[in-house]
Amino acid sequence: MDHVRAQLGASVDEVCEMVVRPAAASVDREARHPVESWKALSEIGVLRMRVPVEDGGFGLDLASYIAVIERIARACAASAMTVHMHSTACDAIVRGAPAHRRGEWLAPVVDELTLYGSWGSEPGSSASRLFHSSTTVVRRGDEFVVDGLKHFCTMAGVARGAMVACTLVDEQARHQPVSIFVPGEGPGIEVFGDWEPLGMRGTVSPSVRFSACGIEADRVFIGRSSPGGTAQLALGFSAVMLGSAEGALGTATDHCRAKVLAGSSEPIAADPLVRRHLGHVVARLAAARAVLFEAAREWVPDEPRWSVVPAARAKYVVQDAALAATSELMQIVGGISATPGLGLERAFRDVRTASLMPPNPDRMSWLLGADLLGEQVQMFDFSASQ
Ligand SMILES: Cc1cc2nc3c(=O)[nH]c(=O)nc-3n(C[C@H](O)[C@H](O)[C@H](O)COP(=O)(O)OP(=O)(O)OC[C@H]3O[C@@H](n4cnc5c(N)ncnc54)[C@H](O)[C@@H]3O)c2cc1C
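Residues numbered from 1 in each chain as written. Predicted model: local features only at pLDDT ≥ 70, side-chain atom pairs only at ≥ 80, totals over all residues.

Colleague: Explain the overall build of the chain to me, and be specific about the residues and the numbers.
Modeller: When you go through the chain residue by residue, the secondary structure sums to ten helices and ten strands. Relative to the compact-globule value of 21 Å for 386 residues, the chain shows a C-alpha radius of gyration of 21 Å, a close match. The dimensions of the chain, computed from C-alpha atoms along their principal axes, are 80 × 50 × 45 Å. (Helix = DSSP H or I, 4+ residues; strand = E, 2+ residues; numbered from the N terminus. Rg over C-alpha atoms; globule rule 2.2 N^0.38 Å.)

And the structure:
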């Protein structure tokens, strides 16, 4: 495993320098899918990082996985976020798919350039309070029928399939939260809407409407959310924000080393004030990184105290540090940082946008306080009522 980890780490850095970083500016400007990055990352196995070895993947442990997401985010936050959403869907397949389907759904991830989405959000519900899915799934004979609207569906239109959070309504009108694994396209699936967000523009996340969409019965997974799964989701979001801020730190440092003002013989990096600010960012990000990797290393999948709580702490700390760091770095570099050339404003926009991902800071601080007071906590609370 150490060998796999080291090899994957080295090639990720190489691919990021050769392909992912050079594409990042146009991915952002055009709000387009980072296709060239996906292709290059897929060739070195990044899309199957979390697929178990017996299914043809790397079966990477969580801390190593988080390190790869962080490395990709240093070059392109949207590439890292899309890989993370895909890996989250792969995890859900591994956890919940029936044995006879598991190989069929994971094989394209191993052999081809296949990405899966993970779509939960709806216009009328917040994951950070009481998440209720108005998207329903009901049995009709041998199949199930899905109806509803999801928004912010990352990779909708190109994903070959997606895990979708739904409410299962049975014959007695009882409601139960479930996940379903839907194909990326087909009758009753409509992808629509403009995509012009502030940041994370390369995630291309339009809306998806399901209208009397029929799916096979074995695509419905009961018991949709595990503590480990929700913790992994939050840790991946954290790695995206941290990597993006670290990338910005590298860019700002290079700029300060190169920038010599008129009348001076030294670059601004020699100035004590500039050094002090850079040092402040270094310390902040290093502390956040330590908390993030402690959570990833300690992660015990089905144990909320060892998954959800450390992950909430990590996202809270990383989010705070990355937001502050990307802002401070723009201040250090000055006006030029607000123009697209350096990529600092992109990191600022990407971190601000990624920080909206759940759980939000109110949910995380509530959760940490409740845990402190001895309450059993979950990352998200689900409602299955009408
Ligand atoms: C670039 C991007 C990509 C995304 N990709 C995906 C994706 O692939 N899949 C996916 O599922 N989602 C995706 N999302 C959506 C994202 O997960 C949500 O936007 C995020 O969960 C925040 O949810 P929210 O908008 O409801 O805000 P929240 O912060 O959850 O809520 C907004 C406000 O409403 C308040 N509030 C919430 N509930 C209540 C209540 N019951 N009573 C009173 N006040 C309340 C909150 O306190 C908060 O102030 C994406 C978003 C972006 C920006």
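What follows continues from the structure just given.
Colleague: How would you summarise the domain arrangement of the chain if you had to cite specific residues and measurements?
Modeller: Accessible area lost on assembly of the parts is the figure often given for the size of an interface. When the domains of the chain are assigned, the result is domain 1 (2-115), domain 2 (119-222) and domain 3 (227-383). The C-alpha centroid of domain 3 is placed 30 Å from the C-alpha centroid of domain 2. The interface is formed by ten residues belonging to domain 2 together with 14 residues belonging to domain 3. In terms of residues, the side of domain 2 that touches domain 3 owes the most to one element, strand β2 (residues 130-132), which gives three residues. Residues of the side of domain 2 that touches domain 3, tallied by class, amount to seven nonpolar, three polar and no charged. (Domains from an automatic or database assignment. Contact = placed C-beta atoms within 7 Å. Nonpolar A, V, L, I, M, F, W, Y, C, P; charged D, E, K, R; others polar.)

Colleague: Now, about the environment of Arg74: what can you tell me, with residues and values included?
Modeller: Within the element layout of this structure, Arg74 appears in helix α3 (residues 62-75). By the C-beta count within 10 Å, which is 24 here, Arg74 ends up buried. With 57 residues separating them in the primary sequence, Arg74 and Glu17 have C-alpha atoms 9.9 Å apart. Ignoring sequence-local partners within four residues, the contact set of Arg74 consists of Gly243, Glu246 and Gly247. (Buried ≥ 20, exposed ≤ 12 C-beta atoms within 10 Å, placed from the backbone.)

Colleague: I'd like a rundown of the packing of α3 against helix α4 (residues 77-96), residues and numbers included.
Modeller: A pair of packed helices can be characterised by two numbers: the angle between their axes and the separation between those axes. Packing of α3 against α4 brings their axes to within 7 Å, and their N-to-C directions diverge by 150°. The angle between α3 and α4 falls in the class roughly antiparallel. Side by side, α3 and α4 meet where Tyr65, Ile69, Ile72 and Ala73 of the first sit next to Ala77, Ser79, Ala80, Val83, His84 and Ser87 of the second. Taken together, the residues of the contact of α3 with α4 sort by class into seven nonpolar, three polar and no charged. (Axes fitted to C-alpha atoms, helices over the stretch in contact; angles between N-to-C directions. Parallel < 35°, antiparallel > 145°, perpendicular 65-115°, else oblique.)

Colleague: Go over the pairing of strand β8 (residues 207-216), please, and point to the residues and values.
Modeller: In the sheet, strand β4 (residues 143-150) pairs with β8 via seven bridges, with the strands oriented antiparallel. Paired with Phe144 across the two strands is Ile215, which belongs to β8. (Pairing = 2+ DSSP bridges.)

Colleague: For the site of the ligand, give the residues involved together with the corresponding values.
Modeller: Of all residues adjacent to the ligand, which total 24 residues, the nearest are Ser121, Ser126, Arg129, Phe152 and Thr154. By residue number, the principal contributor to the shell around the ligand is strand β1 (residues 116-119), which donates three residues. Residues of the shell around the ligand, tallied by class, amount to eleven nonpolar, eleven polar and two charged. Counting residues domain by domain, the shell around the ligand receives three or more from each of domain 2 (119-222) and domain 3 (227-383). (Near = placed C-beta within 6 Å.)

Colleague: Tell me about the packing of helix α7 (residues 272-298) against helix α8 (residues 308-333), residues and numbers included.
Modeller: Close contact between α7 and α8 brings their axes to 9 Å; oriented N to C, the two are set at 160°. Classified by the interaxial angle, the pair formed by α7 and α8 is roughly antiparallel. The handedness of the crossing between α7 and α8 comes out as left-handed. Tallied by class, residues from the contact of α7 with α8 come to 19 nonpolar, two polar and five charged. (Left-handed = near helix turned anticlockwise from the far one by under 90°.)

Colleague: How would you sum up the environment of Phe58? Please name residues and give values.
Modeller: Take Phe58: it is sitting in the loop between α2 (35-43) and α3. Taking the C-alpha atoms as reference, Phe58 lies 9.3 Å from Leu8; in sequence the two are 50 residues apart.

Colleague: Tell me about the pairing of β4, and please be specific about residues and values.
Modeller: Pairing of strand β3 (residues 136-140) with β4 involves five bridges; the strand directions are antiparallel. Counted as the bridge partner of Val138 is Val145 from β4. The antiparallel hairpin formed by β3 and β4 contains two residues in its connecting segment, where Gly141 sits at a positive phi of about 65°.

Colleague: Now, about α2: what can you tell me, with residues and values included?
Modeller: Buried within α2 are the following residues: Ser37, Trp38, Ala40 and Leu41. Positive backbone phi, approximately 95°, marks Gly45, located one or two places after α2.

Colleague: Could you give an account of unusual backbone geometry, with specific residues and numbers?
Modeller: For residues that are not glycine, phi is negative in most cases, and the peptide bond is trans in most cases. In this structure, the amide linkage connecting Pro358 to the following residue, Pro359, adopts the cis form with an omega of -5°. Along the chain, the position of Pro359 falls in the loop between α9 (344-354) and α10 (361-372). Backbone geometry at Met155 places phi at a positive 75°, although glycine is not the residue there. The topology assignment puts Met155 in the loop between β4 and β5 (161-169).

Colleague: I'd like a description of the environment of Val333, backed by residues and values.
Modeller: As for its placement among the helices and strands, Val333 is situated in helix α8. Along the sequence, Val333 and Ile66 sit 267 residues apart, while their C-alpha atoms lie 29 Å from each other. Setting aside anything within four residues of it in sequence, one finds Val333 in contact with Ala252, His255, Leu342 and Leu344.

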